[in-house]
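The residues making up each chain are set out below.
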Amino acid sequence: MKFFVDTADVDAIRELNDLGMVDGVTTNPSLILKAGRDITEVTREICAMVDGPVSAEVVAEKAEDMIREGKILAQIADNIAVKVPLTWDGLKACRALSQDGHMVNVTLCFSPAQAILAAKAGATFISPFIGRLDDIHLDGVDLIADIREIYDNYGYETQILAASIRSVNHIIEVGKIGTDVITAPPGVIKSMANHVLTDKGLEQFNKDWAKTGQKIG
Ligand code: G3P
């Protein structure tokens, strides 16, 4: 399973990257706002730090404007994946940008039908938002399963990038289904290390060790 980090927080990316936990990064306009940084400057910094794809999102709504913005974003670094929304214009932009040799991440996917169109338009990644489906009492994990089944049936090469991940459980569930990539906030990735029995076990080991009166080294 590839791990992308869903943030434009450079320090948080660095911490995970130094541990070998980062296969790529995803950003969006909301994450750029949260980081409070200039999009070009922060994206360049992230691209220099991370070897894998770094998604940077267009904001235009018409295909021709998305293509123009996408080409500008792609100039930031070789590892940019241009992110376009799953609209009809976004699919046109996906087609043009991928034919032009750019990686394209089609975002805001909420149905298997949308995912089929993205694959046919040549998307490198499809980003189904699972947490936002859960928010409206639909099953985001089921969407990943449906897309996996359809993509495998037809040998589509578009990678499934499970996004809007809110919990460790989301990561486990989409991993069992066989998502290609997950993108999650740094805090969710770090919380994968937590287990109440690890904490309890460590506490007991520390207590018992103190009773031995020994030292290592
Ligand atoms: O990768 C998409 C992600 O940034 C959206 O997450 O939690 O705002 O639905 P969320």
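What counts as what
- Residues numbered from 1 in each chain as written.
- Predicted model: local features only at pLDDT ≥ 70, side-chain atom pairs only at ≥ 80, totals over all residues.
- Heavy atoms only, no water.
- UniProt positions renumbered as here; feature names shortened; annotations may be inferred.
- Disulfide = S-S within 2.5 Å.
- Near = heavy atom within 4 Å.
- Polar contact = N/O pair within 3.5 Å; in protein donor to acceptor, adjacent residues only side chain to side chain.
- Areas by Shrake-Rupley, 256 points an atom, 1.4 Å probe, with all protein chains shown as cover.
- 1 Å grid on protein atoms, 1.4 Å probe; cavity = no way out; pocket = protein on both sides within 12 Å on 5 of 7 lines; lining within 4 Å.
- Sits in = over half its atoms within 2 Å of the grid points.
- Salt bridge = Lys/Arg side-chain N within 4 Å of Asp/Glu carboxyl O.
- Buried < 20%, exposed > 50% of the residue type's maximum accessible area, 1.4 Å probe, protein only.
- Helix = DSSP H or I, 4+ residues; strand = E, 2+ residues; numbered from the N terminus.
- Phe/Tyr/Trp six-rings, centres within 6.5 Å; stacked < 30°, edge-to-face > 60°.
- Axes fitted to C-alpha atoms, helices over the stretch in contact; angles between N-to-C directions.
- Parallel < 35°, antiparallel > 145°, perpendicular 65-115°, else oblique.
- Left-handed = near helix turned anticlockwise from the far one by under 90°.
- Contact = heavy atoms within 4.5 Å.
- Nonpolar A, V, L, I, M, F, W, Y, C, P; charged D, E, K, R; others polar.

- Under an unreviewed UniProt entry, the protein chain has the name Probable transaldolase and belongs to Paracoccus marinaquae.
- The UniProt entry for the protein chain carries the following comment under Function (unreviewed entry): "Transaldolase is important for the balance of metabolites in the pentose-phosphate pathway."
- Of the protein chain, the UniProt comment under Pathway (unreviewed entry) reads exactly: "Carbohydrate degradation; pentose phosphate pathway; D-glyceraldehyde 3-phosphate and beta-D-fructose 6-phosphate from D-ribose 5-phosphate and D-xylulose 5-phosphate (non-oxidative stage): step 2/3."

Notes on the state of the cysteines
No. 1: This structure, assessed with the given rule, holds zero disulfides.
No. 2: Left without a disulfide partner, Cys 47 is nearest to the cysteine sulfur of Cys 94, which lies 19 Å away.
No. 3: Summary of cysteine pairing: Cys 94 is not part of a disulfide, and the nearest cysteine sulfur, belonging to Cys 109, is at 12 Å.

Some points on the site of the ligand
No. 1: As a matter of local geometry, the ligand sits amid Asp 6, Asn 28, Phe 129, Arg 132, Ala 163, Ser 164, Arg 166 and Thr 183.
No. 2: Asn 28 is positioned with one of its side-chain polar atoms (N or O) 3.1 Å from an oxygen atom of the ligand.
No. 3: In this structure, an oxygen atom belonging to the ligand sits 2.7 Å away from a side-chain N or O atom of Ser 164.
No. 4: The protein chains hide 81% of the 310 Å² of surface that the ligand would expose on its own.
No. 5: The cavity that encloses the ligand is the largest pocket.

Let's talk about the pattern of salt bridges
Close approach of charged atoms allows side chains of opposite charge to pair.
No. 1: Under the definition given, this model contains 12 salt bridges.
No. 2: In this structure, the salt-bridge partner of Arg 37 is Glu 41, at a minimum N-O distance of 3.1 Å.
No. 3: Taking relative accessible area as the criterion, Glu 41 reaches 44% and is therefore assigned partly exposed.
No. 4: Across the pair Asp 100 and Lys 71 runs a salt bridge whose closest N-O atoms are separated by 3.7 Å. In this pair, Asp 100 sits in the loop between helix 5 (88-99) and strand 5 (103-109) while Lys 71 sits in helix 4 (residues 63-74), placing the two residues 29 residues apart along the sequence.
No. 5: Classification of Asp 100 as partly exposed rests on a relative accessible area of 43%.
No. 6: It is possible to trace a salt-bridge network through shared partners that takes in Arg 37, Glu 41 and Glu 45.

Things to note about the packing of aromatic side chains
The geometry of two aromatic rings is summed up by the distance between their centres and the angle between their planes.
No. 1: Inspection of the entire model under this criterion finds four aromatic pairs.
No. 2: Here Phe 110 and Phe 129 contribute two aromatic rings whose centre-to-centre distance is 5.7 Å and whose plane-to-plane angle is 65 degrees, an arrangement assigned as edge-to-face. With Phe 110 in the loop between strand 5 and helix 6 (112-120) and Phe 129 in the loop between strand 6 (125-128) and helix 7 (130-135), this residue pair connects regions lying 19 residues apart in the sequence.
No. 3: Here Phe 110 falls in the partly exposed class, since its relative accessible area comes to 31%.

Some words on the packing of helix 6 against helix 8 (residues 140-154)
No. 1: Between helix 6 and helix 8, the shortest axis-to-axis distance is 9 Å and the interhelical angle comes to 40 degrees. In terms of axis orientation, helix 6 runs oblique to helix 8. Here helix 6 and helix 8 pass one another in a crossing that is right-handed. Counting all contacts with helix 6, which are made through Pro 112, Ala 115, Ile 116 and Ala 119, the residues of helix 8 involved are Leu 143, Asp 146, Ile 147, Ile 150 and Tyr 151.
No. 2: Its residues assigned to classes, the contact of helix 6 with helix 8 comprises eight nonpolar, no polar and one charged.

Here we look at the UniProt feature "active site" (unreviewed entry) in the protein chain
No. 1: Under the present numbering, the feature "active site" (unreviewed entry) in UniProt falls on Lys 83.
No. 2: Within the element layout of this structure, Lys 83 appears in strand 4 (residues 80-85).
No. 3: Judged by relative accessible area, Lys 83 falls into the buried class, the value being 4%.
No. 4: Leave out the neighbours within four places in its chain, and Lys 83 touches Thr 26, Thr 27, Asn 28, Ser 55, Ala 56, Glu 57, Val 58, Asn 105 and Thr 107.

Examining unusual backbone geometry
No. 1: We note that Leu 108 has phi near 60 degrees; this positive angle belongs to a residue other than glycine.
No. 2: According to the relative accessible area criterion, Leu 108 is partly exposed, its value standing at 32%.
No. 3: At Ser 164, a residue that is not glycine, the phi angle is positive and equals roughly 55 degrees.
No. 4: Of note, Ser 164 is situated in the loop between strand 7 (159-162) and helix 9 (168-177).
No. 5: We classify Ser 164 as buried; its relative accessible area is 11%.

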